[in-house]
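Each chain, written out:
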Amino acid sequence: MNDHPTRDRTAETAGELDPRRSAGRLVAVDAARGLALVGLTAVHFLPQSYPDNDRPTLSWLLFAGDSAALFALLAGVGLAYSTGGRRPRKGRDLAAARAGIVVRALLIMAVGLIVGYLMPPDPPAVGILVHYGLFFLLALPFLGLRARTLLLCSGAFLLLGPFLIHWLGDVVPEHSAANPTFAHLVTEPLALFWQLTLTGTYPAVTYMAYLLAGLALGRLNLKGLRLQTRLLAVGLGLAALAKLVSWVLLYGLDGYNVLLYSIVSLTRADLDHIIVFGAGGPLPTSSLWWQALSAPHTNTPLSVAWSLGVSAAVLGAFLLAGREFGRWLLPLTAMGAMTLTLYTGQLVLLASEVHYSSPLLWFVACLLLSALVALAWRHAFGRGPLERVVSAAAHATARAVADRGTSRGPDTPRKPLG
């Protein structure tokens, strides 16, 4: 889950470990990715509500839904960096980069499918890795587009994706497992396809809005103070607007009562719970007014707009903080540089279900262990173990494609591939 351009190996294992000697934007992106991992850890380990009053916990309010969105947005930024940054690669260089991304995506999906075998039928967490790999594959046609076009595409997914889920969610085949495995590729390929694109926890038709927005941001000058400030302000504004519009639609225009009577068995307590926590799956399709919700993982236009705004604001805040306080971000930066390894380890631990007895203790222990392991590993080896394997395979593939093109074309100098 970490996509930086190819760098000099000496820098990768030495000077790059010091935030003062790294590009500020890379420190900020890694730190934001580290915060996303902290958020997922909190959501996975800590309860979503207090047992005595069913009110959402602070961790749920801060991180639910938004951490996964932040991961997807930062994946887009990483893809932009690895395909030329502000100057997108073209021709053979872009083809080679795409080949490397395909290998990266397939390996990440493979890790997720393997972890799926460990998860119980009623899992403590729904892994994002299989979905994440698909996002990479779906991003391939967009890699050569300009930032403005990418933002328009992101907006299209934000607006149209939720309605595709609403209209098609009850029509497509239903999947049998929240965490798919290789077996599901054989036994229910169509259901798995629709799970990843439409009906799962992280449907591609809405999550591509985050990834393409990140890809657009990665095509801009993220080192600029003006852009960083604007990113923070626009992100906060978008998030606030999404919540305001949701409130107006539900309570100012009587959408709440329409939803209450759209399902015979629905009670006020049930509706209030869905408005805060989501439906635990796709929303009911009894009324289009369900699209007025902005709860986590509801995948409505307003919930996507909220999470996109929060994610953009977080990135903007870290970009601004990285200008002066990069050293203080080092624990988050170290975790963010090896999230694939740490997140996979976290899913394996969650699969054992040992955390249910003392969720707060396990959350703190997992967080501290992740930070310590990330700092120690980064100091000793640089990239995380899974990151190293995935990157090596992706770069080897990209290099092979580039070399094949060189052997068939004129003997011209080749740009380094990222």
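Not measured: the values here are computed from a predicted model. Residue numbers here run from 1 along each chain, matching the order of that chain's written sequence. The model is predicted, so local features are restricted to residues of pLDDT at least 70 and side-chain atom pairs to those at 80 or more, both for listing and for counting; the totals for chains, interfaces and linings are taken over all residues. Side-chain descriptors were evaluated using all non-hydrogen atoms of the structure, hydrogens and water having been removed beforehand.

## Side note on helix H13 (residues 268–277)
Okay, step 1: Each residue's exposure class comes from its accessible area (1.4 Å probe, protein chains only) as a fraction of the maximum for that residue type: buried when under 20%, exposed when over 50%, partly exposed otherwise. What counts as a helix is a DSSP run of H or I of at least four residues, what counts as a strand is a run of E of at least two, and both are numbered from the N terminus. The complete set of buried residues in H13 reads Leu271, Ile274, Ile275 and Phe277.
Okay, step 2: Its buried side turned inward, H13 meets helix H3 (58–63), helix H11 (225–252) and helix H12 (255–260).
Okay, step 3: Remark: Gly278 follows H13 within two positions and exhibits a positive phi of approximately 90°. We call two residues in contact when some of their heavy atoms are within 4.5 Å.

## Here's the deal with helix H6 (residues 129–139)
Okay, step 1: Counting buried residues along H6, nine of its eleven residues qualify, which places the element largely inside the surrounding structure.
Okay, step 2: When we look at burial in H6, the residues that qualify are Leu129, Val130, His131, Tyr132, Gly133, Leu134, Phe135, Phe136 and Ala139.
Okay, step 3: Packing partners of the buried residues in H6 comprise helix H4 (66–82), helix H5 (91–116), helix H9 (189–199), helix H10 (204–218) and helix H16 (339–351).

## Observations regarding the confidence of the model for the protein chain
Okay, step 1: On a range of 0 to 100, pLDDT expresses the predictor's confidence in each residue. Here the protein chain averages 89 in pLDDT, while 91% of its residues score no lower than 70.
Okay, step 2: Low pLDDT, under 50, characterises residues 2–24; the predicted model gives this stretch 51 contacts beyond four residues in sequence or across chains.
Okay, step 3: Note that pLDDT drops below 50 for residues 410–418; the model gives that stretch 22 contacts with residues more than four away or on any other chain.

## A few points about the packing of aromatic side chains
Okay, step 1: Working definition: a ring pair exists when centres of Phe, Tyr or Trp rings (six-membered ring for Trp) sit within 6.5 Å. Plane angles under 30 degrees give stacked, over 60 give edge-to-face, the rest tilted. Taken as a whole and assessed by the stated rule, the structure comprises eleven aromatic pairs.
Okay, step 2: Ring geometry for Tyr207 versus Tyr210: centroids 5.0 Å apart, planes at 80°, classification edge-to-face. One end of the pair, Tyr207, and the other, Tyr210, are both in helix H10, three residues apart, so they sit about a helical turn from each other. In this structure, Tyr207 and Tyr210 share a single accessibility class: buried.
Okay, step 3: Ring geometry for Trp377 versus Phe381: centroids 4.6 Å apart, planes at 50°, classification tilted.
Okay, step 4: On the basis of relative accessible area, Trp377 is assigned to the partly exposed category, the value being 27%.
Okay, step 5: The rings of Phe135, Tyr202, Tyr207 and Tyr210 are connected pair by pair, giving a single aromatic cluster.
Okay, step 6: Across from the ring centre of Trp306, 4.8 Å away, lies the NZ or CZ of Lys243, which sits over that ring. We call a charge positioned above a ring when the Lys NZ or Arg CZ atom is no farther than 6 Å from the ring centre and deviates by at most 35 degrees from the ring normal.

## Some remarks on the environment of Met119
Okay, step 1: The topology assignment puts Met119 in the loop between H5 and H6.
Okay, step 2: With 158 residues separating them along the chain, Met119 and Phe277 place their C-alpha atoms 23 Å apart.
Okay, step 3: Ignoring anything within four residues of it in the chain, the contact list for Met119 reads Pro124, Ala125, Asn179, Leu347 and Ala351.

## Quick notes on the pattern of salt bridges
Okay, step 1: Each salt bridge in this description consists of a side-chain nitrogen of Lys or Arg and a carboxyl oxygen of Asp or Glu lying within 4 Å of one another. Per the counting criterion, the structure on display carries one salt bridge.
Okay, step 2: For Asp30, the salt bridge identified is with Arg33, shortest N-O distance 2.8 Å. Here Asp30 pairs with Arg33, and both are found in helix H2 (residues 24–45), just three residues apart, close to one helical turn. Comparing Asp30 with Arg33 shows no difference in burial state: the two are buried.

## Structural notes on the packing of helix H7 (residues 147–168) against H10
Okay, step 1: Comment: axis = line fitted to C-alpha atoms, over the contacting stretch for helices; angle = value between 0 and 180 degrees taken between N-to-C directions. Direction vectors running N to C along H7 and H10 enclose 165°, while the axes themselves pass 7 Å from each other. The angle between the axes of H7 and H10 places the two elements in the roughly antiparallel class. Our pair here, H7 against H10, has a crossing hand that is left-handed. Listed contacts from H10 to Ala147, Leu150, Leu151, Cys153, Ser154, Phe157, Leu158, Gly161, Pro162, Leu164 and Ile165 of H7 are Ala204, Val205, Thr206, Met208, Ala209, Leu212, Ala213, Leu215 and Ala216.
Okay, step 2: All amino acids are sorted into three groups, where Ala, Val, Leu, Ile, Met, Phe, Trp, Tyr, Cys and Pro are nonpolar, Asp, Glu, Lys and Arg are charged, and the leftover types, Gly among them, are polar. Considering only residue class, the contact of H7 with H10 consists of 17 nonpolar, three polar and no charged. Oblique is the label for any angle not covered by the other classes, which are roughly parallel (under 35 degrees), roughly antiparallel (over 145) and roughly perpendicular (65 to 115). Throughout, a crossing is termed right-handed when the near helix is turned clockwise from the far one, and left-handed when it is turned anticlockwise from it by less than a right angle.

## Observations concerning a nonpolar patch on the surface
Okay, step 1: For patch building, the residue pool is restricted to those with more than 30% relative accessible area and no salt bridge; the joining distance is 9 Å between like charges and 5 Å between nonpolar side chains (Val, Leu, Ile, Met, Phe, Trp, Tyr). Note on areas: these come from Shrake-Rupley sampling with a 1.4 Å probe, and a residue is covered only by the protein chains present in the view. On the surface, a cluster of nonpolar side chains totalling about 670 Å² of accessible area is made up of Leu241, Leu244, Val245, Trp247, Val248, Tyr251 and Leu253.
Okay, step 2: Locating Leu241 in the fold gives a position in helix H11.

## Side note on unusual backbone geometry
Okay, step 1: Phi at Asp254 takes a positive value of approximately 70°, unusual for a residue other than glycine.
Okay, step 2: Here Asp254 is to be found in the loop between H11 and H12.
Okay, step 3: With a phi angle near 55°, Asn299 is a residue other than glycine that sits in the positive phi range.
Okay, step 4: Along the chain, Asn299 falls in the loop between H13 and helix H14 (301–325).
Okay, step 5: Here Asn299 falls in the buried class, since its relative accessible area comes to 8%.

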